[in-house]
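# Chain and residue survey
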Amino acid sequence: MLIVGVDSNQNESSLREAYDEGRMAKLTLSILFFINRDLPVSGFDPTAFNYEFNWVAETHCVEHNVRATAEQNFVLDGTPINIKKGTKFHLLSSYKYPVDYFQNLAIEGGLKPIDYFVYENQRMVIHVLGVS
């Protein structure tokens, strides 16, 4: 058996409240600081971006994006890079699968939905899966 917890929240306003409150922005923007610290890059300014939350209902996905606040020219591993002001980069995804959608994914992956339990707030689901 496999037990999987899934955030199945489809409410944009509560997702925005949960993710677009500062901590997720700091986490997402920290990726740019890791790039600057850990990759062979020179002239890159990780502070020249803003975080953007985007809910895509069709794919059940919260996109965590950053947008350039200034044009940048830098070198990454010997390759010159230019980023124009306003360029958007998608850095992270947080998927929020409804029960039926997740169970269909499990079936496509060779698993058999046995049962599921929905938390009282109707947003979190525990799925119990078996091998088909």
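A few points on the structure.

Cut-offs and rules
- Residues numbered from 1 in each chain as written.
- Predicted model: local features only at pLDDT ≥ 70, side-chain atom pairs only at ≥ 80, totals over all residues.
- Heavy atoms only, no water.
- Helix = DSSP H or I, 4+ residues; strand = E, 2+ residues; numbered from the N terminus.
- Contact = heavy atoms within 4.5 Å.
- Pairing = 2+ DSSP bridges.
- Axes fitted to C-alpha atoms, helices over the stretch in contact; angles between N-to-C directions.

### Section: the side chain of S8
Topologically, S8 is positioned in the loop between strand 1 (2-7) and helix 1 (12-19). The residues contacting S8, other than those within four sequence positions of it, are K96, Y97, P98, Q122, R123, M124 and V125.

### What to know about the sheet that holds strand 3 (residues 49-56)
Overall, antiparallel pairing links the three strands, which are arranged 3-4-7 in an open sheet. Looking at the sheet topology across the chains shown, the edges are occupied by strand 3 and strand 7 (88-95). When strand polarity is set aside, the average angle formed by the axes of neighbouring strands in this sheet is 25 degrees. Pairing geometry for strand 4 (residues 61-68) and strand 7, over seven bridges, is antiparallel. Residue pairing across strands places V62 opposite S94, the latter belonging to strand 7. Against the sheet, helix 1 contacts strand 3, strand 4 and strand 7, and its axis sits at roughly 155 degrees relative to strand 3. Contacting strand 3, strand 4 and strand 7, helix 2 (residues 23-38) runs over the sheet at an angle of about 120 degrees to strand 3.

### Focus on the sheet that holds strand 8 (residues 111-118)
The strand order across the open sheet formed by three strands is 1-9-8, and the pairing between neighbours is antiparallel. At either margin of the open sheet sits one strand with a lone partner, and together these are strand 1 and strand 8. Put simply, the sheet's adjacent strands are angled 25 degrees from each other on average, direction ignored. With seven bridges connecting them, strand 8 and strand 9 (residues 124-131) associate as antiparallel partners. Opposite L111, over in strand 9, you have V131 as the bridge partner.

That's the geometry; what it means functionally is another story.
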